[in-house]
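Spelled out from the first residue to the last, the chains are:
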Amino acid sequence: MDFLPSLPGSYALHLINPVPRQMKIGRLDEFTFPPGHYLYMGSAHGPGGLKARLRHHARVSSRPHWHLDYLRPFLHVAGGWYATGTERLECEWVSLAAREAGAGFPAKGFGSADCINGCTAHLVAFAGLADFSRAAQLFDNIAIGFKIG
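What comes next is a walk through the structure. (Residues numbered from 1 in each chain as written. Predicted model: local features only at pLDDT ≥ 70, side-chain atom pairs only at ≥ 80, totals over all residues. Heavy atoms only, no water.)

## Some remarks on the packing of helix α3 (residues 90–98) against helix α4 (residues 129–142)
Here is step 1 of the chain: Following both chains from N to C, one finds α3 and α4 inclined at 145 degrees, their axes separated by 9 Å at the closest point. Two packed elements cross with a definite hand, and for α3 against α4 that hand is right-handed. Mapping the contact onto sequence places Trp93, Leu96 and Ala97 in α3 and Leu138, Phe139 and Ile142 in α4.
Here is step 2 of the chain: Of the residues that constitute the contact of α3 with α4, the class distribution is six nonpolar, no polar and no charged. (Axes fitted to C-alpha atoms, helices over the stretch in contact; angles between N-to-C directions. Helix = DSSP H or I, 4+ residues; strand = E, 2+ residues; numbered from the N terminus. Left-handed = near helix turned anticlockwise from the far one by under 90°. Contact = heavy atoms within 4.5 Å. Nonpolar A, V, L, I, M, F, W, Y, C, P; charged D, E, K, R; others polar.)

## Observations regarding helix α1 (residues 49–58)
For an α-helix, the turn length of 3.6 residues means that residues three or four places apart are oriented alike.
Here is step 1 of the chain: The element α1 is largely enclosed, with a buried count of seven among its 10 residues.
Here is step 2 of the chain: Three or more residues of α1 are buried, namely Gly49, Leu50, Lys51, Arg53, Leu54, His56 and His57. (Buried < 20%, exposed > 50% of the residue type's maximum accessible area, 1.4 Å probe, protein only.)

## What about the environment of His57?
Here is step 1 of the chain: By the secondary structure assignment, His57 is in helix α1.
Here is step 2 of the chain: Separated by 15 residues in the primary sequence, His57 and Gly42 have C-alpha atoms spaced 11 Å apart.
Here is step 3 of the chain: Each residue touching His57, except ones within four places of it in the same chain, is listed here: Tyr11, Leu13, Tyr40, Trp66, Leu68, Asp69, Arg72 and Val77.

Put into C-alpha coordinates, the structure is as follows:
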(Lines give C-alpha, C1' and ligand atoms only; values in the text may rest on other atoms or scores of the structure.)
Protein backbone atom coordinates (compact mmCIF):
# COMPACT_ATOMS: atom_id res chain seq x y z
CA MET A 1 0.00 0.00 0.00
CA ASP A 2 3.05 2.24 0.04
CA PHE A 3 2.29 3.29 -3.55
CA LEU A 4 -0.85 5.16 -2.43
CA PRO A 5 -0.61 8.92 -1.90
CA SER A 6 -1.06 10.50 1.53
CA LEU A 7 -3.34 13.04 -0.09
CA PRO A 8 -7.08 13.58 0.30
CA GLY A 9 -9.28 11.87 -2.25
CA SER A 10 -12.02 9.42 -3.10
CA TYR A 11 -11.81 5.68 -3.61
CA ALA A 12 -13.74 2.63 -4.76
CA LEU A 13 -12.70 -0.72 -3.28
CA HIS A 14 -13.27 -4.00 -5.15
CA LEU A 15 -14.32 -6.62 -2.63
CA ILE A 16 -15.14 -10.29 -3.19
CA ASN A 17 -17.61 -12.21 -1.04
CA PRO A 18 -17.23 -15.97 -1.64
CA VAL A 19 -20.34 -17.21 0.20
CA PRO A 20 -23.73 -15.82 1.34
CA ARG A 21 -23.54 -14.04 4.69
CA GLN A 22 -26.13 -12.72 7.09
CA MET A 23 -24.68 -10.05 9.36
CA LYS A 24 -25.55 -7.20 11.65
CA ILE A 25 -23.71 -4.07 10.58
CA GLY A 26 -23.06 -1.65 13.45
CA ARG A 27 -26.23 0.19 14.39
CA LEU A 28 -27.83 -0.32 10.99
CA ASP A 29 -29.60 -3.67 10.84
CA GLU A 30 -29.01 -7.27 9.84
CA PHE A 31 -28.53 -7.85 6.12
CA THR A 32 -27.93 -10.69 3.70
CA PHE A 33 -24.84 -10.27 1.54
CA PRO A 34 -24.97 -12.60 -1.47
CA PRO A 35 -21.76 -14.03 -2.93
CA GLY A 36 -20.21 -11.91 -5.64
CA HIS A 37 -18.27 -8.76 -6.39
CA TYR A 38 -18.80 -5.52 -4.49
CA LEU A 39 -17.73 -1.91 -4.82
CA TYR A 40 -17.45 0.19 -1.70
CA MET A 41 -17.10 3.93 -2.34
CA GLY A 42 -15.67 6.36 0.17
CA SER A 43 -13.51 9.39 0.70
CA ALA A 44 -10.39 10.04 2.73
CA HIS A 45 -9.90 13.61 3.87
CA GLY A 46 -8.36 13.03 7.29
CA PRO A 47 -4.76 12.64 8.40
CA GLY A 48 -2.79 10.38 6.07
CA GLY A 49 -5.35 10.73 3.28
CA LEU A 50 -5.92 7.85 0.89
CA LYS A 51 -2.90 5.86 2.07
CA ALA A 52 -4.10 5.77 5.69
CA ARG A 53 -7.73 5.02 4.89
CA LEU A 54 -7.05 2.31 2.34
CA ARG A 55 -4.40 0.75 4.54
CA HIS A 56 -7.05 0.59 7.28
CA HIS A 57 -9.56 -1.08 4.94
CA ALA A 58 -6.97 -3.57 3.68
CA ARG A 59 -6.59 -5.11 7.12
CA VAL A 60 -9.15 -6.53 9.53
CA SER A 61 -9.97 -4.12 12.34
CA SER A 62 -10.19 -5.47 15.89
CA ARG A 63 -12.46 -2.55 16.85
CA PRO A 64 -14.96 -1.80 14.06
CA HIS A 65 -15.49 1.89 13.38
CA TRP A 66 -16.84 2.16 9.83
CA HIS A 67 -19.59 -0.06 8.41
CA LEU A 68 -17.02 -1.77 6.19
CA ASP A 69 -15.05 -2.83 9.29
CA TYR A 70 -17.92 -5.18 10.26
CA LEU A 71 -18.00 -6.90 6.87
CA ARG A 72 -14.29 -6.74 6.06
CA PRO A 73 -13.19 -9.92 7.95
CA PHE A 74 -15.29 -11.97 5.51
CA LEU A 75 -14.48 -10.26 2.22
CA HIS A 76 -11.30 -10.28 0.16
CA VAL A 77 -9.99 -6.88 -0.99
CA ALA A 78 -8.91 -7.43 -4.60
CA GLY A 79 -7.99 -3.82 -5.40
CA GLY A 80 -9.75 -0.65 -6.36
CA TRP A 81 -9.47 2.84 -7.77
CA TYR A 82 -8.69 6.25 -6.35
CA ALA A 83 -8.62 9.90 -7.34
CA THR A 84 -6.85 12.62 -5.38
CA GLY A 85 -8.43 15.98 -4.62
CA THR A 86 -10.72 17.66 -2.16
CA GLU A 87 -13.90 17.01 -4.16
CA ARG A 88 -15.90 14.13 -2.69
CA LEU A 89 -16.62 11.84 -5.64
CA GLU A 90 -18.07 8.80 -3.88
CA CYS A 91 -21.75 9.69 -4.48
CA GLU A 92 -21.12 10.27 -8.18
CA TRP A 93 -19.29 6.94 -8.34
CA VAL A 94 -22.13 5.13 -6.52
CA SER A 95 -24.55 6.52 -9.09
CA LEU A 96 -22.35 5.33 -11.98
CA ALA A 97 -21.96 1.83 -10.55
CA ALA A 98 -25.65 1.48 -9.68
CA ARG A 99 -26.66 2.10 -13.31
CA GLU A 100 -24.89 -1.05 -14.47
CA ALA A 101 -26.89 -4.22 -15.15
CA GLY A 102 -26.89 -6.59 -12.19
CA ALA A 103 -26.03 -3.86 -9.65
CA GLY A 104 -27.88 -3.74 -6.35
CA PHE A 105 -27.79 -2.45 -2.80
CA PRO A 106 -27.77 -5.33 -0.32
CA ALA A 107 -27.60 -3.08 2.77
CA LYS A 108 -29.53 0.20 2.84
CA GLY A 109 -27.48 2.92 4.53
CA PHE A 110 -24.18 0.98 4.36
CA GLY A 111 -21.30 3.47 4.29
CA SER A 112 -23.58 6.42 3.67
CA ALA A 113 -24.29 7.69 7.19
CA ASP A 114 -22.79 11.10 6.35
CA CYS A 115 -24.02 11.20 2.74
CA ILE A 116 -25.66 14.51 1.84
CA ASN A 117 -26.86 13.37 -1.60
CA GLY A 118 -29.36 10.76 -0.44
CA CYS A 119 -27.51 7.68 -1.72
CA THR A 120 -29.21 4.39 -0.88
CA ALA A 121 -25.81 3.08 0.24
CA HIS A 122 -22.15 3.36 -0.70
CA LEU A 123 -21.83 -0.42 -1.11
CA VAL A 124 -22.93 -1.80 -4.49
CA ALA A 125 -23.17 -5.55 -5.15
CA PHE A 126 -22.99 -7.18 -8.58
CA ALA A 127 -24.85 -10.33 -9.56
CA GLY A 128 -21.93 -11.72 -11.54
CA LEU A 129 -18.41 -11.13 -12.80
CA ALA A 130 -19.59 -9.86 -16.20
CA ASP A 131 -21.75 -7.20 -14.50
CA PHE A 132 -18.89 -6.19 -12.23
CA SER A 133 -16.45 -6.07 -15.17
CA ARG A 134 -18.63 -3.50 -16.98
CA ALA A 135 -18.63 -1.31 -13.87
CA ALA A 136 -14.85 -1.75 -13.49
CA GLN A 137 -14.35 -0.41 -17.02
CA LEU A 138 -16.10 2.81 -15.97
CA PHE A 139 -13.65 3.26 -13.11
CA ASP A 140 -10.66 2.47 -15.31
CA ASN A 141 -11.60 5.61 -17.28
CA ILE A 142 -12.03 7.99 -14.34
CA ALA A 143 -9.57 6.92 -11.61
CA ILE A 144 -6.22 5.25 -10.96
CA GLY A 145 -6.58 1.50 -10.51
CA PHE A 146 -4.62 -0.75 -8.16
CA LYS A 147 -4.54 -4.43 -7.23
CA ILE A 148 -3.87 -6.02 -3.85
CA GLY A 149 -2.32 -9.46 -3.54
